[in-house]
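Structural features, examined
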Amino acid sequence: PRVEVENAFVEGEEEMRLGNTAEALAKFESVVEQAEGLDGTVEFAFKALLSMVTILIGTGDFASAKGHYATLLSKLSSVTANDANDAVDSVLEAMSKAAASGAASSATDDLQDIYSQTLALTKDTNQRLWFSTLSKLAALHLESKNTKALRNDIKELHASCRDESGNDDESKGTQLMEIYALRIQLASITRDYSALASMDERVRALSAFAIVDPRISGIVKEAFAAKAMANHDWEGAYNDYREAFTSFQKAGSPRAVQCLRYTLLANMVANMAVDPFDSPEAKAYQRNPLIAAMVSLRQAFERDDMAKFDEVLRHEDSHILDDETMIEYLEPLFRNFRSRVVLRRVKAYRTVRLEFLATELKLSVEEVEELLASLILDGRLQGTLDQVDGILSLSAPAAAVQGKTFKALSDVVRSLGRVHAGIVARSGSV
């Protein structure tokens, strides 16, 4: 009778709550057996199978878990779409955690088997669940940077969203946005920025009419921000990272913190006056340890405090030097910081010794010469370099803006001439 099946299920849940896995498995097994062919009990059998699979994954008995999961999949059509989706999601999540924890050497292969089981059964019977499952598998391949498998996943997903003429089926706009988000992330990790650029217009067009998950918007904007950084479009990167942060924050994604860190990085490299924390959403993260470190770094940057800047950068709690993206763009950040320091240090003088600046900046004289030459050529500094005597001579700003670059080039050429003359003179005296 249905009551006995229900009672057995409740008893199994209690044993599971108490941690009595063997007893719980026995009770759930009896539920499945009793429910066979009995009207009105399929819900209990389905939930009992799900509980058994979860317990077996937790104990590391993946072979038995896969066997019961196959039975669970055969009953998907007997329950509601939401129950089916939730059950598959919970099994995939449990198995993914087991694989990530290294619970057993076979866990990764068993996870792949479970994905394969799900995809094979749902491709022709439950398109929505099939798409969701393959998208999750693609995300795993993305995380492990298995680009070959990821390309295959994307190809299969995209094929399911094309019309009879082979074009994107715009009635599936939301799914297409997920696919393009995967394509964009693949292009980002492979640094295929031409592919990224080609997808920009298409993604904007889809965004105009598709219902876009803020998480997907965040992924797209983060990838475009990375492209802007690679192209040294610092302000563009700042704007895209800021939008990515906002989207991830709305989605409740932990990636919001990372994007806010990169927003601060781009803000400093671009030497922007705008306050990255001018929104309530951003201010709410100021006490996060990872963000607090970046705030301290920016404060040192604004004060031209090189000692504090270096201290924050190298402090183990900041985790700045643990981040590949941060490390990649430290050189332009340092260059911008040193340029700011130089411009402020020299503005009160007519002549400055390069050794003095080298000590201030903790650089070699040669590195200071390179930095000063760059500032002169960029028109940010009016002066000439005497590389023989190691002196920077500052002059008043040129009257005509268009003459700045010509004057700077002329000064550098004259300085190089003096270096050559000095070398010749010294060699002649030897």
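In the block above lies the structure referred to throughout.
Keep in mind it's a predicted model, so treat the numbers as computed, not measured. (Residues numbered from 1 in each chain as written. Predicted model: local features only at pLDDT ≥ 70, side-chain atom pairs only at ≥ 80, totals over all residues. Heavy atoms only, no water.)

**Points about the sheet that holds strand E1 (residues 351–353)**
Operational definition: Pairs of strands are assigned from DSSP output, requiring at least two bridges between the strands. In this text, helices come from DSSP runs of H or I with a minimum length of four residues, and strands from runs of E with a minimum of two, each type numbered from the N-terminal end. With axes taken as lines fitted to C-alpha atoms, and helix axes fitted only over the stretch in contact, angles between N-to-C directions fall between 0 and 180 degrees. Contacts were defined at the residue level, with two residues in contact if any of their heavy atoms lie within 4.5 Å.
Taken together, three strands build an open sheet; the order of strands is E1-E3-E2 and the sheet is antiparallel. Among the strands making up the open sheet, the edge pair consists of E1 and strand E2 (383–386). Along the sheet, successive strands turn relative to each other by an average axial angle of 20 degrees, direction set aside. Relative to strand E3 (residues 391–394), E1 is paired through three bridges, and the arrangement is antiparallel. Within E3, the residue paired with Val 352 across the bridge is Leu 392. Relative to E2, helix H20 (residues 365–377) is tilted by about 155 degrees, and along the sheet it contacts E2 and E3.

**Quick notes on the packing of helix H7 (residues 127–143) against helix H9 (residues 173–189)**
Worth spelling out the cut-off: Working definition: roughly parallel below 35 degrees, roughly antiparallel above 145 degrees, roughly perpendicular at 65 to 115 degrees, and oblique for all remaining angles. Lys, Arg, Asp and Glu make up the charged group, whereas Ala, Val, Leu, Ile, Met, Phe, Trp, Tyr, Cys and Pro make up the nonpolar group; the residues left over, Gly among them, are polar.
With their axes 11 Å apart at the nearest point, H7 and H9 run at an angle of 10 degrees to one another. Judged on the interaxial angle alone, H9 and H7 are roughly parallel. Contacts from Phe 131, Ser 135, Ala 138 and Leu 142 in H7 reach Gln 175, Glu 178, Ile 179, Leu 182, Gln 185, Leu 186 and Ile 189 in H9. Of the residues that constitute the contact of H7 with H9, the class distribution is seven nonpolar, three polar and one charged.

**As for helix H19 (residues 354–361)**
Applied cut-off: Three labels apply to residues, based on accessible area from a 1.4 Å probe with only protein chains included: buried if under 20% of the type maximum, exposed if over 50%, partly exposed otherwise in between. Think of the arc as the fan of directions from the helix axis to the C-beta atoms.
Among the residues of H19, those classed as buried are Leu 354, Leu 357, Ala 358 and Leu 361. For H19, the angular spread of the buried residues around the axis is 105 degrees, confining them to a single face. Turned more than 90 degrees away from the buried face of H19, the exposed residues are Glu 355 and Thr 359. Turning to H19, the residues buried within the fold contact helix H16 (306–314), helix H18 (330–346), E1, H20, E2 and E3.

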